[in-house]
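Architecture and fold: a report
As a plain string of letters, each chain reads:
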Amino acid sequence: MIITLMILMILTAQICYTFAVTISAARNFQNIKLVNMERLQICLFLAYIKYTNKYDLLLSDYISFDDVIIDYTVDDMGDYYYINVSIVQLDHQTCFDLDLNKEQSYLTRFEYHNEK
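Our subject in this report is the structure included herewith. It should be emphasised that the depicted structure is a prediction, and the values quoted were computed from it without experimental measurement.

Considering the nonpolar core
Phe45, Tyr72, Ile83 and Val85 are the most contacted members of the largest nonpolar core, which totals 16 residues. When near neighbours in sequence (up to four residues on either side) are disregarded, valine 85 contacts Phe45, Ile70, Asp71, Tyr72, Thr94, Cys95, Phe96 and Leu98.

Below is the structure:
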């Protein structure tokens, strides 16, 4: 009887551990998906900024699509643009600054920062 009870306890513990690991892996995959989506949004925004600098006038604006709001401020610093960007998606916010060379349209500085 005791041996059966011990085997049952070990099996129950193993099943609970398996469920806990599965739930943790699912959360990790969701976080990886969010990070990849954020990285894609940043790359697309940088391509948009470079294209706008090359073929149009670069001004401060905001872009909204799906559940994402990209708010950016452009400051003309002479030889380069100083751009402050805030990307808000659901309850997650990413903020960064960048310097964009006016002539060649390349980034001279890219820096994440926290905004409260």
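From this point, the discussion proceeds with the structure in view.
Some remarks on the pairing of strand S2 (residues 68–76)
Judged from the five bridges that link them, strand S1 (residues 61–65) and S2 form a sheet pairing that is antiparallel. When the sheet's bridge partners are listed, serine 64 is paired in S2 with isoleucine 69. Between S1 and S2, which pair antiparallel in sequence order, lie two residues; one of them, aspartate 66, sits at a positive phi of approximately 45°. Summarising the sheet, S2 and strand S3 (residues 80–89) pair through nine bridges and their orientation is antiparallel. Residue pairing across strands places aspartate 76 opposite tyrosine 81, the latter belonging to S3. The loop that links S2 with its antiparallel partner S3 comprises three residues; one of these, glycine 78, has a positive phi angle of about 100°.

Observations concerning the pattern of salt bridges
Oppositely charged side chains may form a pair once their charged atoms are brought near each other. On inspection of all chains with the given rule, the structure shows three salt bridges. The residue lysine 102 makes a salt bridge to aspartate 76 at a minimum N-O spacing of 2.4 Å. Taken together, the positions of lysine 102 in the loop between strand S4 (92–101) and strand S5 (107–113) and aspartate 76 in strand S2 put the pair 26 residues apart, joining distant regions of the chain. Residue aspartate 99 pairs with arginine 109 through a salt bridge whose shortest N-O separation is 3.1 Å. A residue pair is termed long-range when its members are at least 10 positions apart, and aspartate 99 in strand S4 and arginine 109 in strand S5 qualify at ten residues. Residue classification places arginine 109 among the partly exposed positions, given a relative accessible area of 26%. Each of Asp99, Arg109 and Glu111 takes part in a single network of salt bridges with overlapping partners.

A look at the packing of aromatic side chains
A complete count under the given rule lists seven aromatic pairs for this structure. Taking the centre distance of 6.5 Å and the plane angle of 75° together, the rings of tyrosine 48 and tyrosine 72 count as edge-to-face. With tyrosine 48 in helix H1 (residues 2–55) and tyrosine 72 in strand S2, the pair connects residues that are 24 residues apart, well separated along the chain. When its relative accessible area of 34% is taken as the criterion, tyrosine 48 is described as partly exposed. Consider the rings of tyrosine 51 and tyrosine 55, whose centres lie 4.9 Å apart with planes at 45°: the pair is tilted. Taken together, the residues span about one helical turn, with tyrosine 51 and tyrosine 55 both in helix H1 at a distance of four residues.

Calculation rules
Residues numbered from 1 in each chain as written. Predicted model: local features only at pLDDT ≥ 70, side-chain atom pairs only at ≥ 80, totals over all residues. Heavy atoms only, no water. Core = buried A, V, L, I, M, F, W, Y, C linked by side-chain atoms within 4.5 Å. Buried < 20%, exposed > 50% of the residue type's maximum accessible area, 1.4 Å probe, protein only. Contact = heavy atoms within 4.5 Å. Pairing = 2+ DSSP bridges. Helix = DSSP H or I, 4+ residues; strand = E, 2+ residues; numbered from the N terminus. Salt bridge = Lys/Arg side-chain N within 4 Å of Asp/Glu carboxyl O. Phe/Tyr/Trp six-rings, centres within 6.5 Å; stacked < 30°, edge-to-face > 60°.

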